[in-house]
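Listed here are the chains, written in short residue letters.
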Amino acid sequence: MKTVLISGGENSVPAEYLQQIRDAGISLECRKCQSPEEVEEFSQGADLIWFFGPNPGLTGEVLSRLPECKAIFRSGSGLDALPVAVAEKLGIEVLNTPESISGCVAEHAVAMLFALVRRLVHYDREVRRGNWEEPNGMDWHISGRTLGLVGYGRIARSVEKMVSGFDMRVLHYDPFVADSMDLDELLAASDFVSLHCPLTDETRNLIDARRLGLMKKNALLVNTSRGPVVDEAALLEALQNRTIGGAALDVLCDEPPAKDHPLFQLDNVIFTPHIAAFSADFERNFWSCSAKKIIDAALRWQKK
């Protein structure tokens, strides 16, 4: 099987994982390609096109001119920047490695929720300013409350497992899961809502002004999925008007955001810079899952 990596040269991947792939009898060539012309020229004859992060050169038009391509593979989770519809029409598999980051993202979502509930960021700042103040505005409690998960894949299920010791009631919405509850009903019933759905045409602005209005007045929203899943203007208004209690956001619509982003002016929001997937184990998990995915694809195709 011929594989091409279009995100960088040989030094962009740890040598041990390149060797694992080649030891499996897979031909692997590496080059950083950014334009459609570069991707098309370099990918001729390839069975699998491998990349990490967005690649503007991998377009649907390019795929249509690569008749031998069996799969495109993005190391990582999100598929929103890929020509998925064209690939499916052409019979090209679309692969990724959500398993490599699901535990980290789940931990981050839980950490952000707990930090927001306990107002850790606020009190850290106050102590550093010399204000050893009495608790003021402790409006939330974790145990005994209801957590609503929007999307119920690996990450959401890991979140559910992680909070199981806190006597929380956990609800979930996912149109691809048989026992999913209605989204509007979940929003109305939840004290905390955590978003774990991919960005698609159906989920863009899924949490809009109407749905924010369904949430409890003191509810908290956590987003570690993709920024555009939430209508940011509607979220800003809901937070300003205290329609909901607060938000914890690892992702925004524009990244990096403008320094004067209006959400930054609010004291009921905390942020992290799209780092939910990262941890001390990130590198090992990312590359080992990537190598395994490529090797598994080769073995599967050999059996056909």
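Novice: Go over the sheet that holds strand β3 (residues 48-52) with me, naming the residues and quoting the values.
Specialist: As summarised here, the arrangement of the 5 strands in space is β2-β1-β3-β4-β5, forming an open sheet in which the pairing is parallel. Of all strands in the sheet, those bounded by a partner on one side alone are β2 (27-30) and β5 (93-96). In this sheet, neighbouring strand axes are inclined to one another by 20° on average, regardless of whether the strands run parallel or antiparallel. Note that β3 and strand β4 (residues 71-75) share 5 bridges and pair parallel. Bridge pairing in β4 links phenylalanine 51 to arginine 74. Sheet strands touched by helix α1 (residues 15-23): β2 and β3. Its angle to β2, the strand with the most contacts, is close to 145°.

Novice: I'd love a proper account of the packing of helix α5 (residues 102-117) against helix α7 (residues 154-162), names of residues and values included.
Specialist: At their nearest, the axes of α5 and α7 sit 8 Å apart, and the two run at 50° to each other. Taken together, the axis directions place α5 and α7 in an arrangement best described as oblique. For the element pair α5 and α7, the recorded crossing hand is right-handed. Taken together, the residues of α7 that come into contact with α5 (itself represented by Ser102, Gly103, Val105, Ala106, Glu107, Ala109 and Val110) are Arg154, Ile155, Ser158, Val159 and Met162. When its residues are assigned to classes, the contact of α5 with α7 shows 7 nonpolar, 3 polar and 2 charged.

Novice: Which residues make up the packing of aromatic side chains, and what values go with them?
Specialist: A full pass over the atoms with the stated rule returns 9 aromatic pairs. Ring geometry for tryptophan 50 against phenylalanine 73: centres 6.2 Å apart, planes inclined by 15°, an arrangement best described as stacked. Taken together, the residues tryptophan 50 in strand β3 and phenylalanine 73 in strand β4 connect sequence positions 23 residues apart. What makes tryptophan 50 buried here is its relative accessible area of 1%. Judged by centre distance (4.5 Å) and plane angle (40°), the rings of phenylalanine 278 and phenylalanine 282 are tilted. Taken together, the ring pairs in this structure connect Trp50, Phe52, Phe73, Phe278, Phe282, Phe286 and Trp287 into an aromatic cluster.

Novice: If you had to explain the environment of leucine 18 to someone new, which residues and values would you point to?
Specialist: Topologically, leucine 18 is positioned in helix α1. Spatially, the C-alpha atoms of leucine 18 and leucine 28 are 8.0 Å apart, while their sequence positions differ by 10 residues. Once you skip the residues sitting within four places of it in the chain, leucine 18 turns out to touch Glu10, Val13, Leu28 and Cys30.

Novice: Explain the nonpolar core residue by residue, including any values.
Specialist: Membership of the largest hydrophobic core comes to 51 residues, with the highest contact counts inside it found for Leu48, Trp50, Leu113, Leu147 and Phe192. Ranked by residue count, the leading element in this core is α5, at 10 residues. Listed in part, the 30 residues of the second largest apolar core include Val150, Cys197, Leu212 and Ala219.

How each quantity is defined
- Residues numbered from 1 in each chain as written.
- Predicted model: local features only at pLDDT ≥ 70, side-chain atom pairs only at ≥ 80, totals over all residues.
- Heavy atoms only, no water.
- Pairing = 2+ DSSP bridges.
- Helix = DSSP H or I, 4+ residues; strand = E, 2+ residues; numbered from the N terminus.
- Axes fitted to C-alpha atoms, helices over the stretch in contact; angles between N-to-C directions.
- Contact = heavy atoms within 4.5 Å.
- Parallel < 35°, antiparallel > 145°, perpendicular 65-115°, else oblique.
- Left-handed = near helix turned anticlockwise from the far one by under 90°.
- Nonpolar A, V, L, I, M, F, W, Y, C, P; charged D, E, K, R; others polar.
- Phe/Tyr/Trp six-rings, centres within 6.5 Å; stacked < 30°, edge-to-face > 60°.
- Buried < 20%, exposed > 50% of the residue type's maximum accessible area, 1.4 Å probe, protein only.
- Core = buried A, V, L, I, M, F, W, Y, C linked by side-chain atoms within 4.5 Å.

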